[in-house]
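Structure assessment
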Amino acid sequence: ALFTTWCLCPAAALSLCLLSQEYKTACLLTTSIGSRIQSMHPEEVVSLLVQLDRLVQLLEAPLFVPLRLHLLEPATHPYLVKALYSVLMLLPQSEVFETLRRRLKSVPTVSMLHLQPAT
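Rules used in this analysis
- Residues numbered from 1 in each chain as written.
- Predicted model: local features only at pLDDT ≥ 70, side-chain atom pairs only at ≥ 80, totals over all residues.
- Heavy atoms only, no water.
- Helix = DSSP H or I, 4+ residues; strand = E, 2+ residues; numbered from the N terminus.
- Contact = heavy atoms within 4.5 Å.
- Areas by Shrake-Rupley, 256 points an atom, 1.4 Å probe, with all protein chains shown as cover.
- Expected span 1.5 Å × (residues − 1).
- Buried < 20%, exposed > 50% of the residue type's maximum accessible area, 1.4 Å probe, protein only.
- Arc of directions from axis to C-beta.
- Salt bridge = Lys/Arg side-chain N within 4 Å of Asp/Glu carboxyl O.
- Axes fitted to C-alpha atoms, helices over the stretch in contact; angles between N-to-C directions.
- Parallel < 35°, antiparallel > 145°, perpendicular 65-115°, else oblique.
- Left-handed = near helix turned anticlockwise from the far one by under 90°.
- Nonpolar A, V, L, I, M, F, W, Y, C, P; charged D, E, K, R; others polar.

Within the protein chain, the regular secondary structure consists of eight helices and zero strands. Moving toward the C terminus, one meets the helices and strands of the protein chain in the order α-α-α-α-α-α-α-α. For the protein chain, long-range pairs separated by at least 24 residues make up 61% of all intrachain contacts whose partners lie at least 6 apart in sequence. Taken as a whole, the protein chain presents about 7300 Å² of accessible surface, with 61% of it coming from carbon and sulfur.

Below, the structure written as structure tokens:
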């Protein structure tokens, strides 16, 4: 019930998913935001981007330490990695974009190899 209410604000719903460690739902939500962004009014897009900007800043707060530690285990939390990369792709290049990009560069790349589909 709480999630339904928060879905009125996609960035708030995304933060709730990340905070509650529902990374698969966060991943689905970022995909949904990405597909809907083209049909949004410019004012809505700007508002969404500002909210995502704030969310990325919050990810650096102590509240999200468990999430940041989960980034050390991308094979265990692949949806977290994908959700955060999706947020990165939605953001325009800015200081916050660079903050998130630097954070994602610290994800162990050897573990990321296991995320690739087998050929």
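What follows is about helix 3 (residues 23-36). Taking 1.5 Å per residue as the helical rise, helix 3 with its 14 residues ought to reach 20 Å, and the 20 Å between its terminal C-alpha atoms agrees with that figure. Listed as buried for helix 3 are Tyr23, Ala26, Cys27, Leu29, Thr30 and Ile33. For helix 3, the angular spread of buried residues about the axis comes to 165°, placing them on one side. Residues of helix 3 that are exposed and angled more than 90 degrees away from the buried face: Leu28 and Ser35. Taken together, the buried residues of helix 3 touch helix 2 (10-19), helix 4 (42-58), helix 5 (65-70) and helix 6 (78-90).

On to the pattern of salt bridges. A side chain with one charge can pair with a side chain of the opposite charge if their charged atoms come near. Inspection of every chain in the model, using the stated rule, returns two salt bridges. Close ionic contact of glutamate 98 with arginine 101 constitutes a salt bridge, the shortest N to O distance being 2.6 Å. Of this pair, glutamate 98 and arginine 101 both sit in helix 7 (residues 95-105), separated by three residues, roughly a single helical turn. Residue glutamate 98 is classed as partly exposed on the basis of its relative accessible area of 26%. Using a relative accessible area of 31% as the deciding quantity, one classes arginine 101 as partly exposed.

A separate point is the side chain of threonine 30. By secondary structure assignment, the location of threonine 30 is in helix 3. Classification of threonine 30 as buried rests on a relative accessible area of 2%. Residue contacts for threonine 30: discarding those within four places in its chain leaves Leu14, Ala83, Ser86, Val87 and Leu90.

We now examine the packing of helix 3 against helix 6. In contact at an axis separation of 8 Å, helix 3 and helix 6 are set at 25° when each is read in the N-to-C sense. Comparing the axis directions of helix 3 and helix 6 gives the class roughly parallel. The hand of the helix 3/helix 6 crossing is left-handed. Contacts from Tyr23, Lys24, Ala26, Cys27, Thr30, Ile33 and Gly34 in helix 3 reach Tyr79, Leu80, Lys82, Ala83, Ser86, Val87 and Leu90 in helix 6. Here the contact of helix 3 with helix 6 is built from residues that sort into nine nonpolar, three polar and two charged.

Our next topic: the packing of helix 2 against helix 4. Here helix 2 crosses helix 4 at 25°, and the two axes come no closer than 9 Å. Here helix 2 is positioned roughly parallel relative to helix 4, judged by the angle of their axes. Where helix 2 crosses over helix 4, the handedness of that crossing is right-handed. Contacts between helix 2 and helix 4 pair Pro10, Ala11, Leu14, Ser15 and Leu18 from the former with Leu48, Gln51, Leu52 and Leu55 from the latter. Looking at side-chain class alone, the contact of helix 2 with helix 4 contains seven nonpolar, two polar and no charged residues.

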